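What follows is each chain in one-letter form.
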Amino acid sequence: AQSVTQLDSHVSVSEGTPVLLRCNYSSSYSPSLFWYVQHPNKGLQLLLKYTSAATLVKGINGFEAEFKKSETSFHLTKPSAHMSDAAEYFCVVRPKARGGADGLTFGKGTHLIIQP
Amino acid sequence: KAGVTQTPRYLIKTRGQQVTLSCSPISGHRSVSWYQQTPGQGLQFLFEYFSETQRNKGNFPGRFSGRQFSNSRSEMNVSTLELGDSALYLCASSFSHGAIAEAFFGQGTRLTVV
């Protein structure tokens, strides 16, 4: 079985300051990990993914995440927040065993608020 | 390239009725999966289809069913609707199945059961 815990339901930062969204996962098998973003009334957009290559993964819009197996973490960061980053962010895990047949398991989401 | 298309975007149904939602994947994608999003439960996996075969099913009652056609388009059906079925239903398509396949999501169908 697998699970995802997003440690903060809401994060508020000022525009131009760093963003940190925390994610811990649990998986019986080696996982693939993803971060998705959802803007209001929109579908989910993939920000980045980790599938076992480099542990530091760079994504779109300046976001990156680091896979730390020893800490079972996959935190999302961005050096400088922009107003357009305000959205809901989801950390997602999918175990590689059974060909990924278990579907995506989503965290509860972190609502990112950007203060002007 | 067109994205994942879900129709309709909004639906209002009465308790006890049934509903069918449609998903057209990105051209060339053969895997389609469905998710339910609610404020209380978040995003939950319903089922995944690849080459017209259901590969896996989440923990939902049998009232929720789906199918995939030879052109990879997919439909999901919910019978005997309950108030708790009100949710945003998201469809995602992937080029292939498997853990590393990127899933591309549609904008969803918002179902309201009254």
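This text gives an overview of the structure that appears in the document. (Residues numbered from 1 in each chain as written. Chains lettered and ligands numbered in written order. Predicted model: local features only at pLDDT ≥ 70, side-chain atom pairs only at ≥ 80, totals over all residues. Heavy atoms only, no water.)

## Brief notes about the pattern of salt bridges
Should the charged atoms of two oppositely charged side chains come close, the side chains can pair. The following threshold applies: By salt bridge we mean one thing: a side-chain nitrogen of Lys or Arg within 4 Å of a carboxyl oxygen of Asp or Glu. Strands here are runs of E lasting at least two residues and helices are runs of H or I lasting at least four, both read from the DSSP assignment and numbered beginning at the N terminus. Residue exposure (1.4 Å probe, protein chains only): buried if accessible area is under 20% of the type maximum, exposed if over 50%, otherwise partly exposed.
A full pass over the atoms with the stated rule returns ten salt bridges over all chains. Across the pair R22 of chain A and D8 of chain A runs a salt bridge whose closest N-O atoms are separated by 3.1 Å. One end of the pair, R22 of chain A, is in the loop between strand 3 (19–21) and strand 4 (23–27); the other, D8 of chain A, is in the loop between strand 1 (2–6) and strand 2 (10–14), with 14 residues separating them in the sequence. The class for D8 of chain A is partly exposed, based on a relative accessible area of 21%. The closest approach of N and O atoms between E102 of chain B and K49 of chain A, which form a salt bridge, is 3.3 Å. Taken as a pair, E102 of chain B in the loop between strand 9 (87–94) and strand 10 (104–105) and K49 of chain A in strand 6 (residues 44–50) lie in two separate chains rather than in one. Overall, the relative accessible area of 27% leaves E102 of chain B in the partly exposed class. Three or more residues joined by partner-sharing salt bridges are found here, namely R94 of chain A together with E48 and R55 of chain B.

## Concerning the pairing of strand 10 (residues 87–95) of chain A
All names here are of chain A. Put simply, the rule is: The pairing criterion for strands is at least two bridges between them, as found by DSSP.
Within strand 10, eight of the nine residues are buried, which leaves the element mostly enclosed by the surrounding structure. Here strand 10 pairs with strand 12 (residues 110–115) via three bridges, running antiparallel. Each residue of the ladder has a partner; that of Y89, found in strand 12, is T110. One ladder, built from two bridges, connects strand 10 with strand 11 (residues 105–106); its direction is antiparallel. Looking at the pairing, V93 lines up with T105 of strand 11.

## Concerning the state of the cysteines
Which entries qualify depends on this criterion: We call a pair of cysteine sulfur atoms a disulfide when they lie within 2.5 Å.
One pass over the structure, following the stated rule, counts two disulfides over all chains. Across the disulfide from C23 of chain A sits C91 of chain A; the S-S distance is 2.0 Å. Since a negative S-S torsion denotes a left-handed disulfide, the C23 of chain A-C91 of chain A link at about -65 degrees is left-handed. You can see C23 of chain A sitting in strand 4 and its partner C91 of chain A sitting in strand 10, a full 68 residues away along the chain. Overall, C91 of chain A belongs to the buried group, its relative accessible area being 0%. Put simply, C23 of chain B and C91 of chain B are joined by a disulfide, and their sulfur atoms are 1.7 Å apart. One quick way to see it: the torsion about the S-S bond of C23 of chain B and C91 of chain B is about -60 degrees, and its sign makes the bridge left-handed. One end of the pair, C23 of chain B, is in strand 3 (residues 19–24); the other, C91 of chain B, is in strand 9, with 68 residues separating them in the sequence. C91 of chain B sits in the buried class, given a relative accessible area of 0%.

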